[in-house]
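Coordinates in review
Next come the chains, spelled out residue by residue.
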Amino acid sequence: MASELKVQISVDVLEPQELTAEERQAIQVAQEAANDAYAPYSNFLVGAALVLEDGTMFKGSNQENAAYPSGLCAERTALFALSAHHPKAKIKLLAVTARRRQEKDFLPAMPCGACRQVMAEYEYKQQKPIPVLLQALDGKFYRFKSVADLLPFQFNKEHL
Ligand code: THU
């Protein structure tokens, strides 16, 4: 009989008051970033915040394009900009949130597959887990311990 591999991940489900002060600040920066999104086509505003090891925050938002596939998600905008400007910076936390333009409440923000792959690249590069904090339903938050939990069986440099 074929052997079976069970993959288990655990995710913290948190109320806002259960976030650390730094996580709360990261979500606030991500929400501010979402307000800066350039999303005239989807009107879906996504914001990402990166907390660096020295505590500084770096943000990104989705940037759309009339040629739709030329646009880029908030997470990758933030990660690529960070790596371009501060190639040695190490990331301590990645926070993501989203909202519809006409609504003030923030919505669950589940990173797309391509963004997970890019997150995995930078996690591999820094050789230290990047915790990911996501806006979830009903004002709650999901805290993943690392990008690897969001992308099991990932393809990375080791597979080349
Ligand atoms: N989007 C992100 O910015 N991040 C994701 O992980 C999912 C989707 C953006 C892309 C597009 O501008 C809009 O949300 C609708 O898909």
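Check the entry above for the structure.
The structure presented is a predicted model; accordingly, all values stated were derived computationally and were not measured.

Residue placement: Q154 occurs in the segment after helix 4 (147-150). For Q154, a relative accessible area of 15% corresponds to the buried category. A polar atom in the side chain of Q154 sits 3.2 Å from the side chain of N156. In this structure Q154 touches A120, A148 and H159, once residues within four positions along its chain are discounted.

Here the focus is the site of the ligand. Surrounding the ligand, one finds S42, F44, V46, N62, E64, C73, A74, E75, M110, P111 and C112. The side chain of N62 places a nitrogen or oxygen atom 2.9 Å from an oxygen atom of the ligand. Between E64 and the ligand, the recorded distance is 2.5 Å, taken from a side-chain N or O atom to an oxygen atom. Protein contact buries 73% of the 370 Å² of open area that the ligand shows by itself. In terms of residue class, the shell around the ligand is made up of seven nonpolar, two polar and two charged.

The strand order across the open sheet formed by six strands is 1-6-5-4-2-3, and the pairing between neighbours is mixed. The open sheet has two free edges, formed respectively by strand 1 (12-14) and strand 3 (57-61), since each of these has just one partner strand. The sheet shows a mean angle of 20° between the axes of neighbouring strands, direction not considered. As paired strands, strand 2 (residues 44-52) and strand 4 (residues 91-100) are joined by nine bridges and run antiparallel to one another. Its bridge partner being in strand 4, L50 is matched across the sheet by L94.

Conventions used here
- Residues numbered from 1 in each chain as written.
- Predicted model: local features only at pLDDT ≥ 70, side-chain atom pairs only at ≥ 80, totals over all residues.
- Heavy atoms only, no water.
- Helix = DSSP H or I, 4+ residues; strand = E, 2+ residues; numbered from the N terminus.
- Buried < 20%, exposed > 50% of the residue type's maximum accessible area, 1.4 Å probe, protein only.
- Polar contact = N/O pair within 3.5 Å; in protein donor to acceptor, adjacent residues only side chain to side chain.
- Contact = heavy atoms within 4.5 Å.
- Near = heavy atom within 4 Å.
- Areas by Shrake-Rupley, 256 points an atom, 1.4 Å probe, with all protein chains shown as cover.
- Nonpolar A, V, L, I, M, F, W, Y, C, P; charged D, E, K, R; others polar.
- Pairing = 2+ DSSP bridges.
- Axes fitted to C-alpha atoms, helices over the stretch in contact; angles between N-to-C directions.

No statement about biological role is implied by the geometric values presented.
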